[in-house]
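Overview (structure and organization)
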Amino acid sequence: MKLNLKIWRQSDASASGKLVDYKVDINPEMSFLEMLDVLNEELARKGEDPVAFDHDCREGICGACSLYINGRPHGPMQTTTCQLHMRHFKDGETIIIEPWRAAAFPLLKDLVVDRSAFDRINHAGGFVSVNTGSAPDANEILIPKTESDEAFNSAACIGCGACVAACKNASAMLFVSAKISHLALLPQGQPERERRAENMVAQMDAEGFGACTNTGACSIECPKGISMSNIALMNRDFIFASLTSKPELKVSEGA
Amino acid sequence: MNWLVNALTSTIGRKVLMALSGLFLILFLVVHLVGNLQLLKSDGGIAFNTYAKFMGHNPLIQTVSILNFVFILTHIFVSLFLTLRNSKARPHGYAYVNNSSTWSSRNMGILGTIILVFLVVHLVNFWGKMKLTDFGIGSYVEHDTTQDYLDLYTTTKAAFQDWWLVLLYVVSMIALAFHLSHGFQSAFRTIGVNHPKYTPFLKGLGLAFSIIVPAGFAIIPVYMFLQG
């Protein structure tokens, strides 16, 4: 099948970029990234600079691929770009490929953006502290099935940033709420629950993401179908934490 | 109090302010509509004028009305802060966007601005005239000495003989309907109310509210205009 591509090309963060036209002739069974591989091989053969794009596992689980295809993150299907296949496009179609657009995701080159803001948010509280030593017994702490399923659904977030890309405000609330909910729903997440909500939200704000308008575009475009109910849980945790968290006490050394 | 400032100036804190002020204004709409529907009674305005006198002189209602203005201003100013922050969060837009969200959810600011313009016209037309007359600065509203109240019914009836004012009211109520259709359920999610048992009910209630209440308001000027 023949396709017309309009791809955002930008040599580095400070350069000005523009959409550049390309033509490819590919097999409809290829994935979207394989289609770009074909284009890049052709560009390399011609001695031109290949199109830079993020990718890693190509199995839909790592969250590295990040393309804004025809006005939607990860394109027309609810999946990651690597799992999007060319059979979902029409022969002769024009496809516009852009990078994620957000102040908190600075562009590095072409379609590659720096998503380390997500890592810094996770470092601020997206963890549980556990003792080292021998592994605890499995199922030592009982967790209701409904809670564990809900936590698992939240934990399915791969941190690709499609929610930020889809949001008209470039808000990261779906990502942050999935990380907060995943741990807030489990007994292991309780000791740090208040601090987690406060610190992760503070880091999210410091990174310069927008605020949530509840349009729901994030959840619709999320390749893992992360639910908006996570945002309600995050807000609840943040409100309660703001109202009830205590400052750290000075503890005397003792005898 | 530093913690409170930090919480309220965070993105979530600001959204909570939007939600709480919005929910208060939703309650206000109900009270206002119930009173306004007295205009539809064909009793020469006795029911409406009595209601207006009660609302204008009851100390509890007067206190709540001050709160109402405070919440309107909160809703406006916090939304300005949020809109500014949100536009800074994406300095470089997309060449092509294929939206998957509802139109009203993306255009709450435009809808809110229409409502604000309406509010200014509405306040100048009725609330302002009533207050000025009340304070003895001019007599914009006739004083009915037999009943000892300001005849707001006649003022309202006269105002709604202008077709353009009726049109402004109807258009504004349509904007209000779309604003509420998103705002009602969005406010509950923002303050953290979300449960498989109650959220579907709240969504249904929000949809019904966003149709019934603005329609109730819009009927009044249209009815009074047609009545002549």
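The name recorded for chain B in an unreviewed UniProt entry is Succinate dehydrogenase cytochrome b subunit, from Xanthocytophaga flava.

Chain A has the name Fumarate reductase iron-sulfur subunit in an unreviewed UniProt entry, where Xanthocytophaga flava is given as its organism. UniProt's Sequence similarities (unreviewed entry) comment on chain A is quoted here verbatim: "Belongs to the succinate dehydrogenase/fumarate reductase iron-sulfur protein family." On record in UniProt, under Catalytic activity (unreviewed entry), the comment for chain A is "a menaquinone + succinate = a menaquinol + fumarate".

A word on the overall build of chain A. Across its full length, chain A holds eight helices and seven strands. For chain A, the C-alpha atoms occupy an extent of roughly 75 × 40 × 40 Å along the three principal directions. Considering chain A as a whole, with its 255 residues, one finds that 44% of them fall into the buried category. Excluding contacts between residues fewer than 6 apart, the proportion of contacts in chain A whose partners are at least 24 apart in sequence is 69%.

In this section: the domain arrangement of chain A. Often, the extent of an interface is quoted as the loss of accessible area on bringing the components together. Residue and element names in this part refer to chain A. Split by domain assignment, chain A resolves into domain 1 (2-108) and domain 2 (116-244). Taken together, the contacts link 18 residues of domain 1 with 16 residues of domain 2. For the side of domain 1 that touches domain 2, the class distribution of residues is nine nonpolar, seven polar and two charged.

On to the sheet that holds strand S1 (residues 2-9) of chain A. Strands sit in the order S2-S1-S5-S3-S4 (chain A) across an open sheet of five strands; the sheet is mixed. A strand with exactly one partner marks an edge of an open sheet, and here the two such strands are strand S2 (18-25) and strand S4 (72-73) of chain A.

So, on to the pairing of S1 of chain A. Bridge count for S1 of chain A against S2 of chain A is eight bridges, and the pairing is antiparallel. Bridge pairing in S2 of chain A links Leu5 of chain A to Tyr22 of chain A.

Every contact between the two is made by 37 residues of chain A and, on the other side, 35 residues of chain B. Counting only elements with at least two residues in the side of chain A that touches chain B, the list comes to strand S5 (94-98), helix H6 (193-206), helix H7 (217-221) and helix H8 (229-244) of chain A.

The rules we used
- Residues numbered from 1 in each chain as written.
- Chains lettered and ligands numbered in written order.
- Predicted model: local features only at pLDDT ≥ 70, side-chain atom pairs only at ≥ 80, totals over all residues.
- UniProt positions renumbered as here; feature names shortened; annotations may be inferred.
- Helix = DSSP H or I, 4+ residues; strand = E, 2+ residues; numbered from the N terminus.
- Buried ≥ 20, exposed ≤ 12 C-beta atoms within 10 Å, placed from the backbone.
- Contact = placed C-beta atoms within 7 Å.
- Domains from an automatic or database assignment.
- Nonpolar A, V, L, I, M, F, W, Y, C, P; charged D, E, K, R; others polar.
- Pairing = 2+ DSSP bridges.

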